[in-house]
Amino acid sequence: MKENANAAAIENLLEVLMHSNEATAIYQGEDLEIKFANDAMLGFWNKGRDIIGKTFAQGIPELSGQPFEHLLKEVWHSGETYTARDTAATLSTPNGLQTLYFDFIYKALKDSSGSTKWILHTASEVTERNRAWKMYREKEGQEQDAKDALLHSQYRIEQLVLSSPVGMTILKGKELIIEFPNEHI
């Protein structure tokens, strides 16, 4: 009777997770059998419910050669949670293979003896955030390049004034303040 109650509780919990907006999957066993994936995770993978019961490698072959299966197996064996931010993943999308960015967690769920029983995988797509940061860093780099070019130009003008064989200076503002005279001036 207790086993039936536990099975019902697990089914209820999975039903709740199915409606979560956070992409969630559960793997079991060393071969990483996909035991559960909610609609959000299936959407990331561009897969249907038929993926349930397949191994990670069978169900999502486009991730082969990427680090995810290896990381999941490390979590399975070590029992240690793995957390990642802004991680690129090349996935099948309705528009073909695309590289998207994710924050994700692989959390080992252990039985009473301390052995890993399942891995809970939650993920959030952060591609737009990643693009925004990349554009910000590029713009910041361009601004720094412009500042460096301006400083270099200023230095070259000052060197030209200093090395001139005739009197020369740089004047500043409407008041014509002598800012940078050479020795001849």
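Quick note: structure is the one above.
I will try to describe carefully the structure that is included in this document.

What counts, and where the lines are drawn
Residues numbered from 1 in each chain as written. Predicted model: local features only at pLDDT ≥ 70, side-chain atom pairs only at ≥ 80, totals over all residues. Heavy atoms only, no water. Helix = DSSP H or I, 4+ residues; strand = E, 2+ residues; numbered from the N terminus. Buried < 20%, exposed > 50% of the residue type's maximum accessible area, 1.4 Å probe, protein only. Contact = heavy atoms within 4.5 Å. Salt bridge = Lys/Arg side-chain N within 4 Å of Asp/Glu carboxyl O.

**Focus on the side chain of Ser-164**
Step number 1: Along the chain, Ser-164 turns up in the loop between α5 (127–163) and β6 (171–172).
Step number 2: We classify Ser-164 as buried; its relative accessible area is 10%.
Step number 3: Those residues within four positions of Ser-164 in sequence are excluded, and the remaining contacts are Asn-182 and His-184.

**Let's talk about the pattern of salt bridges**
Step number 1: Within the structure shown, the criterion is met by ten salt bridges.
Step number 2: Between Asp-103 and Arg-85 there is a salt bridge whose closest N-O contact spans 3.4 Å. With Asp-103 in strand β4 (residues 96–110) and Arg-85 in strand β3 (residues 82–93), this pair connects stretches of sequence that are 18 residues apart.
Step number 3: Among the residues examined, Asp-103 registers a relative accessible area of 14% and is labelled buried.
Step number 4: Here Arg-85 falls in the exposed class, since its relative accessible area comes to 55%.
Step number 5: One salt-bridge network, held together by shared partners, links Arg-85, Asp-86, Asp-103 and Arg-129.

That's the geometry; what it means functionally is another story.
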